Amino acid sequence: MLLKVFNCQLPETFELFTDKVIDRGWVGEIDKNRRCIQGGISRMEARTLAAIILKYNCKNSFETGVAHGISTLAITQAIVHNNGSHYGIDPYQFLEHEGVALSLLREYNLLSNFTLCEGPAHLEAPKLFSLPEKFDFIFIDGMHTFDYKFVDFFYADHLLKIGGFLVFHDLLLPSVKKIFRLIKKSYNYNFFTTSYLQPSIASKVKYTAVAFIKGKSYWYDWPNHFCNLLILQKIANTERSWNYFYNF
Ligand SMILES: C[S@@+](CC[C@H](N)C(=O)[O-])C[C@H]1O[C@@H](n2cnc3c(N)ncnc32)[C@H](O)[C@@H]1O
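Described in the following lines is the structure provided in the data block. (Residues numbered from 1 in each chain as written. Predicted model: local features only at pLDDT ≥ 70, side-chain atom pairs only at ≥ 80, totals over all residues. Heavy atoms only, no water.)

1. Describing the site of the ligand
Where we set the bar: Only a single heavy atom is needed: when it lies within 4 Å of a molecule or strand, its residue is near that molecule or strand. Two N or O atoms form a polar contact when they lie within 3.5 Å of each other; inside protein one atom must be a possible hydrogen donor and the other a possible acceptor, and for residues adjacent in sequence the pair counts only when both atoms belong to side chains. The method behind every accessible area is Shrake-Rupley, applied with a 1.4 Å probe, and residues are considered shielded solely by the protein chains displayed. For this classification, the nonpolar set comprises Ala, Val, Leu, Ile, Met, Phe, Trp, Tyr, Cys and Pro, the charged set comprises Asp, Glu, Lys and Arg, and every other residue, Gly included, is treated as polar.
Close to the ligand lie 21 residues; Gly65, Ser71, Asp90, His97 and Asp141 are nearest. With respect to the ligand, the side chain of Asp90 contributes an N or O atom lying 2.8 Å from an oxygen atom. Contact between the ligand and Asp141: a nitrogen atom at 2.8 Å from a side-chain N or O atom of the residue. Burial of the ligand by the protein amounts to 89% of the accessible area it has alone, namely 600 Å². Along the lines of polarity and charge, the residues of the shell around the ligand split into 11 nonpolar, 8 polar and 2 charged.

2. Some words on the sheet that holds strand S10 (residues 230–234)
As a reminder of what qualifies: At least two bridges found by DSSP between two strands is the condition for calling them paired. Every helix listed is a DSSP run of H or I at least four residues long, and every strand listed is a run of E at least two residues long, numbered separately from the N terminus. Pairs of residues are marked as contacts when any of their non-hydrogen atoms sit within 4.5 Å. The convention used is that axes are lines fitted to C-alpha atoms, helices contributing only their stretch in contact, and that angles between N-to-C directions extend from 0 to 180 degrees.
The 8 strands are arranged S1-S9-S10-S8-S7-S4-S5-S6 in an open sheet whose pairing can be described as mixed. Only two strands of the sheet have a single neighbouring strand rather than two, namely strand S1 (4–5) and strand S6 (114–117). Bridging between S1 and strand S9 (residues 189–193) involves 2 bridges; their strand directions are parallel. When the sheet's bridge partners are listed, Lys4 is paired in S9 with Phe192. Against the sheet, helix H6 (residues 146–159) makes contact with strand S4 (60–64), strand S7 (135–140), strand S8 (160–168), S9 and S10, and its axis sits at roughly 155° relative to S8, the strand it touches most.

3. Looking at the pairing of S4
Put simply, the rule is: Here the term buried applies to any residue with accessible area under 20% of the maximum for its type, exposed to any over 50%, and partly exposed to those in between, with areas from a 1.4 Å probe on protein chains only. The definition of a right-handed crossover adopted here requires that, viewed with the strands pointing away, the path from the first strand over the helix to the second runs clockwise.
Of all the 5 residues making up S4, 5 are buried; the element is thus mostly covered by neighbouring parts of the structure. Inspection of the sheet shows S4 paired to strand S5 (residues 85–89) by 5 bridges, in the parallel sense. Across the sheet, residue Thr64 finds its bridge partner in S5, namely Ile89. At this point the chain moves from S4, through helix H3 (residues 70–81), to the parallel S5, and the crossover so formed is right-handed. As judged from the 4 bridges shared by S4 and S7, these two strands associate in the parallel manner. Bridge pairing in S7 links Glu63 to Phe139.

4. Some remarks on the packing of H6 against helix H7 (residues 174–186)
Applied cut-off: Any angle from 65 to 115 degrees is called roughly perpendicular, while one under 35 is roughly parallel, one over 145 is roughly antiparallel, and all others are oblique. Crossing chirality is assigned from the near helix's rotation relative to the far helix, an anticlockwise turn below a right angle marking it left-handed and a clockwise turn marking it right-handed.
Contact geometry of H6 with H7 gives a least axis separation of 9 Å together with a crossing angle of 40°. In terms of axis orientation, H6 runs oblique to H7. Remark: the crossing between H6 and H7 carries right-handed chirality. From H6, Phe146, Lys149, Phe150 and Phe153 reach across to H7, where they touch Ser175, Val176, Lys178, Ile179, Leu182 and Ile183.

5. Quick notes on the nonpolar core
Under the convention used in this document: What is meant by a nonpolar core is a set of buried Ala, Val, Leu, Ile, Met, Phe, Trp, Tyr and Cys residues, joined one to another through side-chain atoms within 4.5 Å.
Counting residues in hydrophobic clusters, the biggest one holds 40 residues, and the most contacted among them are Leu49, Ile52, Leu73, Phe137, Phe139, Val167 and Ile231. Of all the secondary-structure elements, those providing two or more residues to this core are helix H1 (17–24), helix H2 (43–55), H3, helix H4 (100–107), S7 and S8. With 7 residues, H2 is the largest single contributor of residues to this core. Apart from residues no more than four positions distant in its own chain, Val167 is found in contact with Leu49, Ile52, Phe137, Ile138, Phe139, Ile140, Leu229, Leu230 and Ile231. Ranked by size, the runner-up nonpolar core spans 28 residues in total, among them Phe135, Leu159, Val176 and Tyr187.

6. Some thoughts on the packing of aromatic side chains
For the record, the criterion: A pair of aromatic rings is counted whenever rings of Phe, Tyr or Trp (Trp by its six-membered ring) have centres within 6.5 Å, and the orientation is called stacked for planes under 30 degrees apart, edge-to-face for over 60 and tilted otherwise.
The full count for this structure, using the stated rule, is 12 aromatic pairs. Seen in terms of ring centroids, Phe17 and Tyr108 are 4.4 Å apart; in terms of plane orientation they differ by 15°. Their pairing is stacked. Residue Phe17 is found in helix H1, and its partner Tyr108 is found in the loop between H4 and S6; the two are separated by 91 residues along the sequence. Both residues of the pair, Phe17 and Tyr108, belong to the buried class.

See below:
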């Protein structure tokens, strides 16, 4: 899968809070909900999300999959820099994660520019159509099975402005690759990935062997070791005849 490389760096003077949080390795408040970070995006991925938002002056955004709030912190900080606001959709922020993402935003004084939509994306994303404006930036990192990813994409495509950015985490998961094949053939987007941490054949073989020893799927260790972002920029709305079908 060949993708154009997206070159977008944070300004040197911009201090991204996620760098510090990832270095210290924990989120939450002492004696309340403190825990080690698990399953969040990497430092470079967080820097890339923030860099896109700053470079393209994105003012309104939403994401699916808040969890420990690493992506949420990076996106909200950059959006606030542009005087905008961010929405995060997650059914488990309190059921499973004890509100740690909200603690993190409170710690950095960003809570007032963030709205938590507590519920699964297929129920919460449709509510965002009632807002006066469409979105400049959307990040998809919720439930990782194909059906949920596709539903996230369906709503994101309708909610995104032309020229806006839609970023998927987990490009190395088969479910996201499948969605990518569909989008490439049937929707109007430019596609990019980042220049850093791209998997070489040798490193893919290495992590495939490790997965084999663990008795897991061949791709099991890939998402944790490579940059995993698929960056899409919407060129136009997609309009088709009533019986259009593409077998992907
Ligand atoms: C990989 S984590 C997200 C990590 C987060 N983006 C970060 O960087 O810290 C995925 C999270 O999606 C949430 N999730 C699960 N099902 C969901 C759904 N149907 N809609 C939205 N979020 C969901 C869960 O809380 C789960 O922990």
